[in-house]
Structure formats: C-alpha cells, structure tokens
Amino acid sequence: MQVGGGGPWLLLGKLHQRWAQRQYLTPDLQNMAALSGVRCLTRALVAARSPGAWRSLSTSSVVHAASPNQAEDLRVEGAFPVTMLPGDGVGPELMHAVKEVFKAAAVPVEFQEHHLSEVQNMASEEKLEQVLSSMKENKVAIIGKIHTPMEYKGELASYDMRLRRKLDLFANVVHVKSLPGYKTRHNNLDLVIIREQTEGEYSSLEHESARGVIECLKIVTRTKSQRIAKFAFDYATKKGRSKVTAVHKANIMKLGDGLFLQCCEEVAELYPKIKFETMIIDNCCMQLVQNPYQFDVLVMPNLYGNIIDNLAAGLVGGAGVVPGESYSAEYAVFETGARHPFAQAVGRNIANPTAMLLSASNMLRHLNLEHHSSMIADAVKKVIKVGKVRTRDMGGYSTTTDFIKSVIGHLHPHGG
C-alpha cells in the first residue's frame, strides 16, 4: 500500500471512524444518565470485538465522571481500543499520567496494556507476539521507551527495533514547537523532523570479519528512501508547510546516502509547490543551534534522525516536552519525541508528563476525537503558560503528581 493522499494517518482515521460508526451506542443509550451503565455497555462493545485474553489485559480509562450532571454532557459513543506499552524508566509513571487525565476528561478510549521490557525480564517471543497481535488488532498504540541494553546476548536487534520492523513503522515524526510561557534560547520555533526508521545504520547487521575488526553494515534501499521522501512531501502538503530539507552525508557515503539524496530529489520534482533543499548532517546540527528558524520539514535516514530529534528537542526545553509518533501504512504509534527512559528519575515523582500527554492528544486527533484532543492539549499548554507548576527539567520544583493535578484542573469538559 502506498502512502499518499494526505498520509497514512488520514486513512487510519477513516478506518477508525467507520468502525466507530458501526459500534456506536443507540441514541436512547447515549442519553442514559447512569454513568456506570454506560461504562458497562461500552466495555461490552469492546469485548465483543475480540473476547478472551484481550479483555483480561485491558485497563479502562473510559468515563469516570464525578456526578450525574457530568454524565448528561458526556458523549460516550463506544470506546476506541488502544494498545499501551508503558516501557521502561519513567514510562509507567507517564502512562499513569495519561490514564488519569483521560479519566478526568472522560475520553472514550479503552487501553489494552502490555509489558515488554528487556531490562525487567519481561521480554520474550511470546510477549512480543502478544503485543504485535494487540497492535495489529487495534491499529493504534501509545508506548513508553523500551530500553535497549548495551550487552550483546546473541541477538543484535532489540525488541524495540523488532517491534517497529514487524509493523513496518517506517516514518517517525517529531514536531518541535516552542511552548508559550516557557522561554528557551530560541523561542517561537516550529519545525518537523521526519526520520526513516527501518533501515540505515540500525539494520543490526554486524560481524567480526577478523579478530578485532567489526564490520557494521548500513543498508539503504531505493524503495524505502522513496517512501520516506514521499511521506515527508505528503506531510508538508497536508500540513501547509512550504519547505522540505533532505539531510544526508552523501559527500562521504557517496553510494548509500547518495541513493537517499537521489530519491529525495526525484520525489521533490513531483511537488513543485514545496521548496526543496539539501544539507549535510554536520552542517545541519550547527545550523539548528545557530538559526533553527530556517527549517520547516526535515527528512533524513535513521541515525541522523535519532540525533537531530534529540538536538531539536533540546532547543525547546528537552525530552520532557516534545511529542512524537511513528507510522506505517496501517498502524500509528504515539510516543515521546526524544526517546529516553530517564532511569535516574524512576520512583522520584519528578518526571515531566508534557511530551506524553501531548502525544496522547495527537493520538486522540488521529482517532477523530478532536474535542478531547484539543481539551487535553490546551490544558497542558495552559499549565505551562501560567508557569506556577513546573517540573525540575523546566526549572521548577513541582512533582509529576502536581503537574497532573494542574492539568486536570485546567480541563474544560463542558467546553467552557
């Protein structure tokens, strides 16, 4: 399936919308004031799609309003099933933040929670297959960082990489945007980094050709280079962006990065309204620090994208504030833009949930839940703009719990 006509998120949104229309509750049930009854009916609908183990793994964040009055304004029209992988480090704490805010905002989403971790002895072929099965069924997932240990234990590809490959999550999108009210060295930034993430240096093809000599292969293919280039230009077109910059190292890797660059140039010709530029990766890093305003959409191979994601996140406040997402032709995965487990912060109640909450908001928009998406994103941005509640990474002393409570306090479930 080719990615075109607005990108895979549009296709997935339509598929979810069609499914939801078939599963929506009848009008007389929508008007029921007894919230517990609605919740039970919602669960029954979700369970009916896929009984058995599916049900036992789900964690509900569907509708927990405090009073019958809230139930009257609630539009529960069937729950969207979403796969959740808390991951390692502060991942579980960030997912707790998502569940708490979703609960307070009465978001019609049913989480199917799985645990996959190489460092917590919760990784196996069986668990990987369970996660894949859930994601293939639901089409949408929200995940924390699955930490990849450095030790070599006979398998070069990490579970995180294998998961992305098996689902063909080829496009990683990180929207780097300044948050009003939080000043950094560069303000009013708004740029997008699009990264190919199924090949390149992350191909897990390494071997010792002679004692003390390791060969690590970088794989670049025309098919995947063209696909990510088309994705970037489709994204720019759909979002009203004016320029795409291809980032490369073709002056040194003349064949590998040369092919990637050639594919980008060929695709650019199909989009005459979008300005196209190229930039060598080392110069790109310097330019991002000196003058990031020159960039709009950047597209690049795997390793460069990983580095640039983190560098750009640092321009607007760090890994705790930038959301990210990954797409295949069929699936959408929402995560933090800079993938860090923050193991040193585990259990200290200091992690910043901003990035994960904004990713969750983007997920809701993908599911065509515009009202809930805007409600949560607006609440998070208001907390940051007011500036009274700031986690340590943003120069404050507030806890994760403080931040969650403040976000919930800024929600407007009645549109007021």
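Refer to the structure above for everything that follows.
The following paragraphs examine the structure supplied in this document. (Residues numbered from 1 in each chain as written. Predicted model: local features only at pLDDT ≥ 70, side-chain atom pairs only at ≥ 80, totals over all residues. Heavy atoms only, no water.)

## Some points on the overall build of the protein chain
Along its length, the protein chain carries 15 helices and 13 strands. Residues counted as buried form 53% of the 416 residues belonging to the protein chain. A fraction of 76% describes how many contacts in the protein chain between residues 6 or more apart in sequence connect residues 24 or more apart. Of the accessible surface of the protein chain, which amounts to about 18,500 Å², a share of 52% is contributed by carbon and sulfur atoms. (Helix = DSSP H or I, 4+ residues; strand = E, 2+ residues; numbered from the N terminus. Buried < 20%, exposed > 50% of the residue type's maximum accessible area, 1.4 Å probe, protein only. Contact = heavy atoms within 4.5 Å. Areas by Shrake-Rupley, 256 points an atom, 1.4 Å probe, with all protein chains shown as cover.)

## Notes on empty space enclosed by the protein
Under the definition given, this model contains 2 cavities of 30 Å³ or more. What the largest cavity holds in volume is close to 60 Å³. Glu196, Glu199, Gly200, Ile219, Val220, Ser225, Phe260, Pro301 and Asn302 together form the lining of the largest cavity. Here the lining of the largest cavity is built from residues that sort into 4 nonpolar, 3 polar and 2 charged. (1 Å grid on protein atoms, 1.4 Å probe; cavity = no way out; pocket = protein on both sides within 12 Å on 5 of 7 lines; lining within 4 Å. Points joined across faces, edges and corners; volume = space filled by probe spheres on them. Nonpolar A, V, L, I, M, F, W, Y, C, P; charged D, E, K, R; others polar.)

## A closer look at the side chain of Glu196
One can find Glu196 in strand β6 (residues 190–196). Notably, Glu196 is buried but unbridged: the nearest opposite-charge side chain belongs to Arg227, and the N-O separation is 4.5 Å. Separated by 2.5 Å, the side chains of Glu196 and Thr198 make a polar contact. Here Glu199 takes part through its backbone nitrogen, which lies 3.1 Å from a polar atom of the side chain of Glu196. For Glu196, the residues in contact, after removing those within four places along its chain, are Phe170, Lys224, Arg227, Ile228, Met300, Pro301 and Asn302. (Lys, Arg positive; Asp, Glu negative; His and termini not counted. Salt bridge = Lys/Arg side-chain N within 4 Å of Asp/Glu carboxyl O. Polar contact = N/O pair within 3.5 Å; in protein donor to acceptor, adjacent residues only side chain to side chain.)

## Some thoughts on the packing of aromatic side chains
Tallying each qualifying case throughout the model produces 6 aromatic pairs. Judged by centre distance (5.8 Å) and plane angle (85 degrees), the rings of Phe170 and Phe231 are edge-to-face. Of this pair, Phe170 sits in the loop between α8 (159–166) and β5 (171–177) while Phe231 sits in helix α9 (residues 222–239), placing them 61 residues apart in sequence. Relative to Phe334, the ring of Tyr327 has its centre 6.3 Å away and its plane inclined at 85 degrees; by these criteria the two rings are edge-to-face. On the basis of relative accessibility, which here comes to 3%, the residue Tyr327 falls in the buried class. Put simply, the rings of Phe170, Phe231, Tyr327 and Phe334 pair up and form one aromatic cluster. One Lys or Arg, Arg227, reaches over the ring of Phe170 and ends 3.9 Å from the middle of that ring. (Phe/Tyr/Trp six-rings, centres within 6.5 Å; stacked < 30°, edge-to-face > 60°. Lys NZ or Arg CZ within 6 Å of the ring centre and 35° of its normal.)

## What to know about the packing of helix α11 (residues 281–290) against helix α12 (residues 302–316)
In contact at an axis separation of 10 Å, α11 and α12 are set at 10 degrees when each is read in the N-to-C sense. What the angle tells us is that α11 and α12 run roughly parallel. Between α11 and α12, the residues in contact are Ile281, Cys284, Cys285, Leu288 and Val289 and Tyr304, Ile308, Leu311 and Leu315, respectively. Broken down by class, the residue content of the contact of α11 with α12 amounts to 9 nonpolar, no polar and no charged. (Axes fitted to C-alpha atoms, helices over the stretch in contact; angles between N-to-C directions. Parallel < 35°, antiparallel > 145°, perpendicular 65-115°, else oblique.)

## A few points about the state of the cysteines
Within the structure shown, the criterion is met by 0 disulfides. In this structure Cys263 is not part of a disulfide, and its nearest cysteine sulfur, from Cys264, lies 7.0 Å away. (Disulfide = S-S within 2.5 Å.)

## Observations regarding unusual backbone geometry
Residue Ala106 is not a glycine yet carries a positive backbone phi of 55 degrees. Mapped onto the elements, Ala106 comes out in the loop between α6 (91–104) and β3 (109–113). Ala106 gets classed as buried once you look at its relative accessible area, which sits at 8%. Unusually for a residue other than glycine, Ser204 sits at a positive phi of about 55 degrees. With respect to the helices and strands, Ser204 occurs in the loop between β6 and β7 (206–210).

## Notes on helix α15 (residues 400–409)
Inspection of α15 places Thr400, Phe403, Ile404, Ser406 and Val407 among the buried residues, and these make up the whole buried set. Down the axis of α15, the smallest arc covering the buried residues is 165 degrees, so these residues share one side. Of the exposed residues in α15, those oriented more than 90 degrees away from the buried face are Lys405 and Gly409. Where the residues of α15 are buried, they touch α6, α13 (354–366) and α14 (370–386). (Arc of directions from axis to C-beta.)

## Quick notes on the environment of Asn302
Within the secondary structure, Asn302 is located in helix α12. Distance from Asn302 to Ser203, taken between C-alpha atoms, is 9.6 Å for residues 99 residues apart in sequence. Leaving out residues up to four positions away in the same chain, Asn302 has contacts with Arg195, Glu196, Gln197, Thr198, Glu199 and Tyr202. At 3.0 Å, the side chain of Asn302 forms a polar contact with the backbone oxygen of Glu199.

## A few points about the nonpolar core
Residues Phe102, Val109, Ile142, Ile194 and Met363 are the most contacted members of the largest nonpolar core, which totals 92 residues. Lining this core are residues from two domains, each supplying at least three of them: domain 1 (78–172 + 321–415) and domain 2 (185–316). In terms of nonpolar packing, the next biggest core, distinct from the first, is built from 15 residues, Leu85, Leu116, Ile143 and Ile146 among them. (Core = buried A, V, L, I, M, F, W, Y, C linked by side-chain atoms within 4.5 Å. Domains from an automatic or database assignment.)

As far as function goes, none of this settles anything; it's purely spatial.
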